[in-house]
Amino acid sequence: MKLTYRTAGAADAPAIAHLHATNWQLTYRGAFTDDYLDNHAPTERLQVWTERFSEPNPRMITILAENEAGLQGFCCIFLDYGPDGHLLDNLHVTAGNHGKGIGKTLMRKAAEQVAVYDTEKEIYLWVLTTNTNAMAMYEHLGGRRGRTEVHHFGQGNRTPALALYWSVAEMASL
């Protein structure tokens, strides 16, 4: 199945939210409560993504990976997201496509978009420390560890997250 990559728009919010919530349900059992994952996260993620696309935001870039079966992955990056640089806020790939290079390609495409805007500041992301598979993958792709802080989620869920950093050039060369 050949993948195509494109920039997302408002009509894509439901599919993005569904993949986002599904990945949380598969990955964050034990880090978040089952009640939150099963009964609140799907609605909350839909609300978040609908709001994000409700008005044009030139500092938000969302890239989709699709094939004839639908959405297979996405990433969202916010340009100039504070003093740390450009935030890769979300990177999700369907469970059946892990290890096939889709996430790496999404990261590269995000960095290529950032490079049009700025090459000086770094790109960073947060990964929950319970997600050891993702942490290992990001470090394998050259991510440098930064600080750890507690992140808060809906329904009182909170968990430590680790920042990982790349230069724009490093991520663009993945």
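Scroll up to find the structure this text is about.
This report concerns the structure included in the present document.

Cut-offs applied
- Residues numbered from 1 in each chain as written.
- Predicted model: local features only at pLDDT ≥ 70, side-chain atom pairs only at ≥ 80, totals over all residues.
- Heavy atoms only, no water.
- Helix = DSSP H or I, 4+ residues; strand = E, 2+ residues; numbered from the N terminus.
- Polar contact = N/O pair within 3.5 Å; in protein donor to acceptor, adjacent residues only side chain to side chain.
- 1 Å grid on protein atoms, 1.4 Å probe; cavity = no way out; pocket = protein on both sides within 12 Å on 5 of 7 lines; lining within 4 Å.
- Points joined across faces, edges and corners; volume = space filled by probe spheres on them.
- Nonpolar A, V, L, I, M, F, W, Y, C, P; charged D, E, K, R; others polar.

## Topic: the environment of Ser54
Then step 1. The topology assignment puts Ser54 in the loop between helix H2 (34-52) and strand E2 (60-67).
Then step 2. Within the structure, Ser54 has its side chain in polar contact with the backbone oxygen of Glu51 (distance 2.8 Å).

## Focus on the layout of surface pockets
Then step 1. Roughly 1,100 Å³ of volume is contained in the largest pocket.
Then step 2. Looking at the largest pocket, it is lined by 43 residues, and the ones nearest its centre are Tyr28, Leu91, His92, Asn131 and Tyr138.
Then step 3. Elements with a contribution of two residues or more to the lining of the largest pocket: helix H1 (13-27), H2, strand E4 (86-93), helix H3 (102-117), strand E5 (123-128), helix H4 (132-140) and strand E6 (144-152).
Then step 4. Broken down by element, the residue count for the lining of the largest pocket peaks at seven residues, all from E4.
Then step 5. Residues that form the lining of the largest pocket fall into these classes: 21 nonpolar, 16 polar and six charged.

Keep in mind these numbers describe shape, not what the thing actually does.
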